[in-house]
Number of protein chains: 2
Amino acid sequence: MNKNDIKNAGLKITLPRTKILKILETSEKRHMTAEDVYRILLADDKGTIALATVYRVLTQFEAADLVIRHNFESGQQAVFELNNNEHHDHMVCIRTGKIVEFHDEIIEQRQREIAKKHGFKLVDHALTLYGEFEESPKMNKQ
Amino acid sequence: MNKNDIKNAGLKITLPRTKILKILETSEKRHMTAEDVYRILLADDKGTIALATVYRVLTQFEAADLVIRHNFESGQQAVFELNNNEHHDHMVCIRTGKIVEFHDEIIEQRQREIAKKHGFKLVDHALTLYGEFEESPKMNKQ
DNA sequence: ATGTATGCAAAACGTTTGCATGATG
DNA sequence: CATCATGCAAACGTTTTGCATACAT
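Worth saying up front: this structure is predicted, and the values here are computed from it rather than measured.

A. View of the protein's contact with DNA strand D. Lining the immediate environment of DNA strand D, one finds 20 residues, of which Y55 and Q77 of chain A together with R17, T48 and T53 of chain B sit closest. Restricting the count to atoms of DNA strand D within 4 Å of the protein gives a sugar and phosphate share of 75%. At 2.8 Å from a phosphate oxygen of DNA strand D is found a main-chain nitrogen or oxygen belonging to A78 of chain A. Taking R56 of chain B, its side chain carries an N or O atom lying 2.8 Å from a base nitrogen of DNA strand D.

Written as structure tokens, this is what we have:
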């Protein structure tokens, strides 16, 4: 019921917003740039939706905790993913851009301990591993 | 002997390069944006050094492993720090911008294990904790 | 009917680049 | 003296914003 998510965020239910949310929900890629979303909108749609609107809506969704914005070390485009409320970190392939999520409770726990030791009130954290996935011989990666 | 570092990087020893390196070495802030460096150059100097040069030099230093560039999740300006060859991660205060470094072997080890489990050749990683340092009552933070 | 959202174009931002000049080895 | 580095201004890619119009409630 994605329309409720929009309404609960205090936002009016508009075509751009429902479409963008649906794209985030149904796209095979969980991590998309604003341009990724924009390109999909251009493709499967008649009514024009401006790139500026995509940015605006994604920013609003972020403020509403509906999506999470990442700025991976590339420093280039931000990527957005639907917030499924299951915290996770990321492995990013430096060759293909492929992103895999993981969660490790030992690391999480250590972070809390380290923060505590430094008198640091932990609000958020980001852990990203950069490297390359070793392809299994027969598989073609994209 | 910072001039050797520059020479070893295959770079000519020029005023901008020695000054920028010295700023990185002697500034009380270990983590500086290009603009931070630029502003210091403007202040304590007569001969103009262009912001473009600061970016160029920092990028060259990065390629020579003299400095490390970070793009913290802010997505705004990159920050540069001298590479002391002691890997560490960062705690960033979301209120003051203060940065504290830490290193935790348990986390490092877990990362290697996770990468291995996923058939991921680990090249680099970035862990940043975001939060607030609890001030001790008498201390004025800056 | 009111207020909010949108498209468009232009601006803003951090960073990079082309080019003619200047300094280094 | 050949090469590399620099300053300047202009380009760049991403993201934001001003404004007049259009839509949701």
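That shown, we press on.
B. The pairing of strand β6 (residues 120–133) of chain A, seen in detail. Two elements, strand β4 (residues 89–93) of chain A and β6 of chain A, share four bridges in a ladder whose sense is parallel. Following the sheet pairing, C93 of chain A is matched in β6 of chain A by G131 of chain A. Note: β6 of chain A against strand β6 (residues 120–133) of chain B, 13 bridges, orientation antiparallel. For F133 of chain A, the partnering residue across the bridge sits in β6 of chain B and is F120 of chain B.

C. The arrangement of the sheet that holds strand β1 (residues 32–33) of chain A in detail. Residue and element names in this part refer to chain A. Spatially, the three strands line up as an open sheet ordered β1-β3-β2, and their pairing is antiparallel. The sheet terminates laterally at β1 and β2 (67–70), the two strands that pair on one side only. Pairing of β2 with strand β3 (residues 79–82) involves four bridges; the strand directions are antiparallel. Note on β3: the bridge partner recorded for H70 is V79. Strands β1, β2 and β3 of the sheet are contacted by helix α2 (residues 15–26), whose axis makes an angle of about 80° with β3.

D. Spatial organisation of the sheet that holds strand β3 (residues 79–82) of chain B. Residues and elements named next belong to chain B. Ordered by their spatial adjacency, three strands build an open sheet running β1-β3-β2, and the pairing between neighbours is antiparallel. Unpaired on one side and paired on the other, β1 (32–33) and β2 (67–70) mark the two borders of the sheet. Helix α2 (residues 15–26) contacts β1, β2 and β3 of the sheet and is inclined by roughly 80° relative to β3.

E. Molecular detail of the packing of α2 of chain B against helix α3 (residues 34–43) of chain B. All names here are of chain B. Packing of α2 against α3 brings their axes to within 10 Å, and their N-to-C directions diverge by 110°. As far as their axial angle goes, α3 and α2 are roughly perpendicular. Where α2 crosses over α3, the handedness of that crossing is right-handed. Contact with α2, carried on its side by K19, I20, I23 and L24, involves V37, I40 and L41 of α3 and no other residues of that element. When grouped by side-chain class, the residues that make up the contact of α2 with α3 number six nonpolar, no polar and one charged.

F. Region of interest: unusual backbone geometry. Within the chain, N85 of chain A stands out as a residue other than glycine whose phi angle is a positive 60°. Summarising the element assignment, N85 of chain A is placed in the loop between β3 and β4. A positive phi angle is found at D65 of chain B, which is not glycine, with a value near 65°.

G. Summary view of the interface of chain A and chain B. Every contact between the two is made by 36 residues of chain A and, on the other side, 36 residues of chain B. Interface of chain A and chain B: buried area, both sides summed, is about 3,200 Å²; carbon and sulfur atoms make up 63% of it. Three residues stand out in chain A for area buried against chain B, namely N71, E73 and F120 of chain A, and they jointly supply 19% of the buried area on that side. The partner of D104 of chain B in a salt bridge is R110 of chain A, and the shortest N-O contact between them spans 2.5 Å. On inspection of chain A and its partner chain B, the count reaches 13 residue pairs in polar contact (both at pLDDT 80 or more). Those elements giving two or more residues to the side of chain A that touches chain B turn out to be β2, β4, β5 (99–102), α5 (105–117) and β6 of chain A. Ranked by residues supplied to the side of chain A that touches chain B, first place goes to β6 of chain A with 14 residues. Counted by class, the side of chain A that touches chain B contains 18 nonpolar, 10 polar and eight charged residues.

H. Spatial organisation of helix α5 (residues 105–117) of chain B. Over its 13 residues, α5 of chain B extends 18 Å from the first C-alpha to the last, a length consistent with the 18 Å expected when each residue adds 1.5 Å. Burial in α5 of chain B covers these residues: I107, E108, R110, Q111, I114 and A115 of chain B. Projection of α5 of chain B onto a plane perpendicular to its axis shows the buried side chains occupying an angular sector of 165°, all on one side. Those residues of α5 of chain B that are exposed and aimed more than 90 degrees away from the buried face are K116 and K117 of chain B. Packing partners of the buried residues in α5 of chain B comprise β4, β5, α5 and β6 of chain A together with β4 (89–93) and β6 of chain B. Measuring from the backbone nitrogen of I106 of chain B back to the side-chain oxygen at the start of α5 of chain B gives 3.2 Å, which picks out D104 of chain B as the cap.

Parameters and conventions
- Residues numbered from 1 in each chain as written.
- Chains lettered and ligands numbered in written order.
- Predicted model: local features only at pLDDT ≥ 70, side-chain atom pairs only at ≥ 80, totals over all residues.
- Heavy atoms only, no water.
- Near = heavy atom within 4 Å.
- Polar contact = N/O pair within 3.5 Å; in protein donor to acceptor, adjacent residues only side chain to side chain.
- Pairing = 2+ DSSP bridges.
- Helix = DSSP H or I, 4+ residues; strand = E, 2+ residues; numbered from the N terminus.
- Contact = heavy atoms within 4.5 Å.
- Axes fitted to C-alpha atoms, helices over the stretch in contact; angles between N-to-C directions.
- Parallel < 35°, antiparallel > 145°, perpendicular 65-115°, else oblique.
- Left-handed = near helix turned anticlockwise from the far one by under 90°.
- Nonpolar A, V, L, I, M, F, W, Y, C, P; charged D, E, K, R; others polar.
- Buried area = accessible area lost by both parts, 1.4 Å probe.
- Salt bridge = Lys/Arg side-chain N within 4 Å of Asp/Glu carboxyl O.
- Expected span 1.5 Å × (residues − 1).
- Buried < 20%, exposed > 50% of the residue type's maximum accessible area, 1.4 Å probe, protein only.
- Arc of directions from axis to C-beta.

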